[in-house]
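Single-letter residue listing:
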Amino acid sequence: MSQEKARIQLVEALRDGRIERREFLRGALGLGMSVGTIGLVLQACGSEEKPADAPPPAGHEGTGPGPAPAPEPELGPIEADLHIYMWSDYIAEDTIPNFEKEFNVKVTLDTYESNEEMIAKVQTGAAGYDLVCPSGYAVSVLRHLHLVEQLVKKHIPNYANLAPLFLGSVFDPKNEVTVPWQWGVTGVAYRKDLLGKVPDSWALFQDAALKGKLTMMDDMRDNIGAWLRFLGKSVNSVDAADLAAAKAEALKAKPILASYVSAPVKAQLIAGDVFAAQLWNGDTMQAKVEKAEIEFALPKEGSSIWCDSMCIPKGAKNLRAAHEFLNYILRPEVGAKISDFTGYGSPNLPASEKMVNKVAYPTEADMKNLEYNEDLGAGTAAWDQIWTEIKSG
Ligand code: N2P
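So, here's what we can say about the structure. (Residues numbered from 1 in each chain as written. Predicted model: local features only at pLDDT ≥ 70, side-chain atom pairs only at ≥ 80, totals over all residues. Heavy atoms only, no water.)

1. Side note on the overall build of the chain
Quick reminder of the rule: Numbering of helices and strands starts at the N terminus; helices are DSSP runs of H or I of at least 4 residues and strands are runs of E of at least 2. Classification of residues uses two cut-offs on accessible area relative to the type maximum, computed with a 1.4 Å probe and protein chains only: under 20% is buried, over 50% is exposed, and between them is partly exposed. All accessible-area figures derive from a Shrake-Rupley calculation using a 1.4 Å probe, and residue coverage is judged against the displayed protein chains alone.
Of regular secondary structure, the chain possesses 16 helices and 10 strands. Scored against the burial criterion, the 393 residues of the chain give a buried share of 53%. Summed over all atoms, the accessible surface of the chain reaches about 17200 Å², with 54% contributed by carbon and sulfur.

2. Digging into the packing of helix H8 (residues 220-230) against helix H9 (residues 240-253)
Put simply, the test is: Every axis corresponds to a line fitted to the C-alpha atoms, with the helix fit spanning only the stretch in contact, and the corresponding angles, defined between N-to-C directions, vary from 0 to 180 degrees. With respect to orientation, any angle under 35 degrees is reported as roughly parallel, any angle over 145 as roughly antiparallel, any angle of 65 to 115 as roughly perpendicular, and every other angle as oblique. Contact between two residues is taken to exist if any of their heavy atoms lie within 4.5 Å; hydrogens are not considered. The nonpolar class holds Ala, Val, Leu, Ile, Met, Phe, Trp, Tyr, Cys and Pro. Asp, Glu, Lys and Arg form the charged class, and all remaining residues, Gly among them, are polar.
For the pair H8 and H9, the least separation of the axes is 9 Å and the interaxial angle reads 105°. With respect to their mutual orientation, H8 and H9 come out roughly perpendicular. In this structure, H8 contributes Asn-223, Ile-224, Trp-227, Leu-228 and Phe-230 to the contact, and H9 contributes Asp-242, Leu-243, Ala-246, Glu-249, Ala-250 and Ala-253. Among the residues making up the contact of H8 with H9, the classes are represented as eight nonpolar, one polar and two charged.

3. Points about the site of the ligand
Quick reminder of the rule: Neighbouring residues are identified by heavy atoms, a residue being near a molecule or strand if any of them is within 4 Å of it. Any pair of nitrogen or oxygen atoms within 3.5 Å is treated as a polar contact; in protein, a donor-acceptor pairing is required on top of that, and neighbouring residues in sequence qualify only through side-chain atoms on both sides. The definitions used throughout rest on a 1 Å grid laid over the protein atoms alone, on which a cavity is an enclosed set of points accommodating a 1.4 Å probe that cannot get out and a pocket is an open set flanked by protein within 12 Å on both sides along at least five of seven lines; lining residues are those having an atom within 4 Å of a point. Any molecule with more than half of its atoms within 2 Å of a cavity's or pocket's grid points is counted as sitting in it.
Taken together, the neighbourhood of the ligand is formed by Trp-87, Ser-88, Asp-89, Tyr-90, Ser-135, Trp-280, Asp-283, Trp-306, Asp-308 and Tyr-344. At a separation of 2.8 Å, a nitrogen atom of the ligand approaches a polar side-chain atom of Asp-308. Burial of the ligand by the protein chains amounts to 98% of its free accessible area of 260 Å². With respect to the detected pockets, the ligand is housed in the largest cavity. Taken together, the residues of the shell around the ligand break down into five nonpolar, two polar and three charged.

4. Some thoughts on the pattern of salt bridges
Let me state the cut-off plainly: Salt bridge, as used here: a side-chain nitrogen of Lys or Arg that lies within 4 Å of a carboxyl oxygen of Asp or Glu.
Summed over all chains, the structure comprises 19 salt bridges. A salt bridge links Glu-74 to Lys-154, with the nearest nitrogen and oxygen atoms 3.2 Å apart. Here Glu-74 is found in the loop between helix H3 (35-44) and strand S1 (81-87), whereas its partner Lys-154 is found in the loop between helix H6 (136-144) and strand S4 (179-191), with 80 residues between them in sequence. Relative accessible area serves as the criterion here: at 44%, Glu-74 is assigned to the partly exposed category. The class of Lys-154 is buried, set by a relative accessible area of 19%. A salt bridge links Lys-192 to Glu-295; its shortest N-O distance comes to 3.0 Å. Of this pair, Lys-192 sits in helix H7 (residues 192-195) while Glu-295 is found in strand S8 (residues 294-297), placing the two residues 103 residues apart along the sequence.

Now the structure itself:
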């Protein structure tokens, strides 16, 4: 019998009351289970006592009724390298250098501009990344493709800092694969001095008087999603008639737009070449630091809200370094500095309290006009097709 099977049988025996706690402890230590895992199992099986040096349980799973969690694997010593792939302008300047110094790890950071770009690269399997940062729906896509590793929570004790609002999500109901990173909303960044009005509708991007001074994001979900909301539809619609109507609106906007561009539009807003751009709130705040006349608005038809999370792609080589990094970014002071730089909200509760430029968590009223993007499933092909037609049309 494999050691793993023996461990599972031992946990089951304790859970079913066939062996005593003392017997379980002896067997578990003999099978090389860590003290942390033993603590979790004992807690899940209703034991009051914990081994003397057991850390607090990580996350929320294993504390309710139901089967005990499978023993967590052992991770070796920290590796010398860590490869991160994330959105551009999404981390404070000193986050990585400070981690490198403290943990003696060399970090490589590559950036992307959309979930689709990241998924395509991770799917090749050759990218060699240890951490990626998908939005919620993209976590579902990666899970569906079996492209994410389970987290070893005993190495992320700071997971407890995450606000309950961001846990137990539809894309990770048991908090097994994600560390929520930043949350935000999609709307309109604009130069109040140049535009001369507050944009209140997605129709702004069809205003011929502003030809060449507007941009929308180079992002299938945000772009088509905005036109769906404009039409009173869900950002997650896969209905053929809705998509055809959204495409028609997008094609009306296309000759007015200077380009399809996401985060890099900040430089054009600052320079005043672009008067208004579809953009996320945090990137808008980053641009505002350089140019005070930049503001952010949410169109009345509504928009999307999202939370991006760190995940470990399948086959990652530097697992221990990835976990140490996740635990590090969950420190309140590190998390606060990240969000103070990005301009986004922090899902880390003590970090959000420490932030200089606080971003309040969305209220129920806020949520009335905002939707989370969901995995489109089989509908993804139709969206891809429409997006290709919009861009080449
Ligand atoms: C990157 C912001 C990414 C947010 N600057 C997209 N969910």
